[in-house]
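Chains, contacts and geometry: an overview
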Amino acid sequence: AALARCNSKGATVATGPGLGATFWGDNAPGHEGMRRAGVARILIAEGPSVDPRGVTRLGGLDAADAVRINLPAELMSEAQLTLAIARGEACALLLASDAVAADGSAVVLAGGVALAAAAAARKIPILLVATPSAAASPDTEALARRIAEAEATELHAAAGGSVAVRSVAAGVTVRAPRYEILAAGVAERI
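Let me begin by describing the structure that accompanies this report.

Rules and cut-offs
- Per chain, residues are indexed from 1 in the order of the written sequence.
- In view of the model being predicted, local features appear only for residues whose pLDDT reaches at least 70, and side-chain atom pairs are presented and counted only at 80 or more, with totals across whole chains, interfaces and linings using the full set of residues.
- Hydrogens and waters are ignored; side-chain quantities use all the structure's heavy atoms.
- Each helix is a run of DSSP H or I of at least 4 residues and each strand a run of E of at least 2, with the numbering of both proceeding from the N terminus.
- Exposure is judged per residue with a 1.4 Å probe applied to protein chains only, and the accessible area is read against the type maximum: over 50% gives exposed, under 20% gives buried, and values in between give partly exposed.
- In what follows, residue pairs with any heavy atoms lying within 4.5 Å of each other are defined as contacts.
- Areas reported here follow the Shrake-Rupley algorithm with a probe of radius 1.4 Å; residue values treat only the protein chains shown as occluding.
- The arc in question is traced by the directions running from the helix axis to the C-beta atoms.
- Inter-axis angles, ranging from 0 to 180 degrees, are taken between N-to-C directions of lines fitted to C-alpha atoms, where helices are fitted over the stretch in contact.
- Should an angle fall under 35 degrees it is taken as roughly parallel, and over 145 as roughly antiparallel, whereas 65 to 115 is taken as roughly perpendicular and any remaining angle as oblique.
- Throughout this entry, Asp, Glu, Lys and Arg are counted as charged residues, while Ala, Val, Leu, Ile, Met, Phe, Trp, Tyr, Cys and Pro are counted as nonpolar. The remaining residues, Gly among them, count as polar.
- Any two strands with at least two DSSP bridges between them are considered paired.
- As used here, the term nonpolar core means buried Ala, Val, Leu, Ile, Met, Phe, Trp, Tyr and Cys residues forming a set that is joined through side-chain atoms within 4.5 Å.
- All tallies of charge rest on Lys and Arg as positive and Asp and Glu as negative; His and the ends of each chain are not included.
- A carboxyl oxygen of Asp or Glu within 4 Å of a side-chain nitrogen of Lys or Arg is what we treat as a salt bridge.

Observations concerning the overall build of the protein
Within the protein, the secondary structure is distributed over seven helices and ten strands. Burial analysis of the protein (190 residues in total) assigns 43% to the buried set. A sequence separation of at least 24 residues applies to 80% of the contacts in the protein between residues at least 6 apart. Taken as a whole, the protein presents about 9900 Å² of accessible surface, with 57% of it coming from carbon and sulfur.

Structure follows, in structure tokens:
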């Protein structure tokens, strides 16, 4: 219903990565919603890797699921998708979250905040896909602590053999967060 309100018939929808097979799979909410809204194609952000070696991008998994349900998909970097949104190539932006605070702020994969900023500037709807069971947090600070803990765990796991960690020159600070917080009131939760 949210997509239909966006004049999506025959249009393109943009998505951040991480919606997953539970959203795209056969008869899943995303599949049915896209079909009923008449979406013609989707533009998907690559997003972070699910493999410490950088082999499989989350957006790549989403794109494969979309193609499997006969929805043409284009996979692109967050920068390319931000530009496409700014040019008006999408009628809506879908972002995924598995953690939403009571105030409405949400954890999204890295790049999602920039995509939302481009969509807001273009005045296209931003739809937050979060299941009713999305882990609740009392406030934005709790979400930030949760992100810091998750990223510390991932960095520790990758430090042993990650090419990215070993290839950085001494004295260089790497700033590559995997998650970001989307401010409350930016997106409509669906």
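Examining helix 4 (residues 78–86)
Along helix 4, the positions that sit buried rather than exposed are Glu-78, Leu-81, Ala-84 and Ile-85. In an axial view of helix 4, the angular spread of the buried residues amounts to 120 degrees, which keeps them on one side of the axis. Along its buried surface, helix 4 packs onto strand 1 (12–15), strand 2 (41–45), strand 3 (73–76), strand 4 (93–96) and helix 5 (112–122). Immediately downstream of helix 4, the backbone of Gly-88 shows phi near 85 degrees, a positive value.

Some words on helix 2 (residues 29–37)
Three or more residues of helix 2 are buried, namely Gly-30, His-31, Glu-32, Met-34 and Ala-37. Gly-38 sits one or two residues past helix 2 and shows a positive phi near 75 degrees.

Focus: the packing of helix 4 against helix 5
At their nearest, the axes of helix 4 and helix 5 sit 8 Å apart, and the two run at 10 degrees to each other. Here helix 4 is positioned roughly parallel relative to helix 5, judged by the angle of their axes. Contact with helix 4, carried on its side by Glu-78, Leu-81, Thr-82, Ile-85 and Ala-86, involves Ala-114, Leu-115, Ala-118, Ala-119 and Arg-122 of helix 5 and no other residues of that element. Residue composition of the contact of helix 4 with helix 5, by class: seven nonpolar, one polar and two charged.

What to know about the pairing of strand 4
When a strand is regular, its side chains alternate between the sheet's two faces. The alternating pattern of strand 4 places Leu-93 and Leu-95 and Leu-94 and Ala-96 on opposite faces, both of which are buried. Bridge count between strand 1 and strand 4: two bridges; the pairing is parallel. Within strand 4, the position partnered with Thr-15 by the bridge is Leu-94. As paired elements, strand 4 and strand 7 (residues 126–129) share four bridges and run parallel to each other. Bridge pairing in strand 7 places Ala-96 opposite Val-129.

Quick word on the sheet that holds strand 4
The strands making up a sheet are joined through hydrogen bonds of the backbone, oriented either antiparallel or parallel. Pairing in this open sheet of six strands is parallel, and the strands run 3-2-1-4-7-10 from one edge to the other. Edge positions in the open sheet fall to strand 3 and strand 10 (188–189), since each of these has one partner strand only.

A few points about the nonpolar core
Core analysis: the biggest nonpolar cluster contains 23 residues, and Met-34 and Ile-42 have the highest contact counts within it. For this core, the elements supplying multiple residues, two or more each, are helix 1 (21–24), helix 2, strand 2, helix 3 (58–68), strand 4 and strand 7. Discounting residues that sit within four places of it in the chain, Ile-42 has contacts with Thr-12, Val-13, Trp-24, Met-34, Ala-66, Leu-71, Pro-72, Ala-73 and Glu-74.

Focus on the environment of Phe-23
One can find Phe-23 in helix 1. We classify Phe-23 as buried; its relative accessible area is 9%. C-alpha of Phe-23 to C-alpha of Ala-96: the two residues are 73 residues apart in sequence and 9.5 Å apart in space. Ignoring any residue separated from it by four or fewer positions in sequence, one finds Phe-23 in contact with Ala-28, Pro-29, Gly-30, His-31, Leu-94 and Val-129.

Regarding the side chain of Asp-65
The topology assignment puts Asp-65 in helix 3. As a buried residue without a salt bridge, Asp-65 has its nearest oppositely charged side chain in Arg-68, at a separation of 4.0 Å. Not counting residues within four places of it along the chain, the set of residues in contact with Asp-65 comprises Gly-20, Ala-21 and Trp-24.

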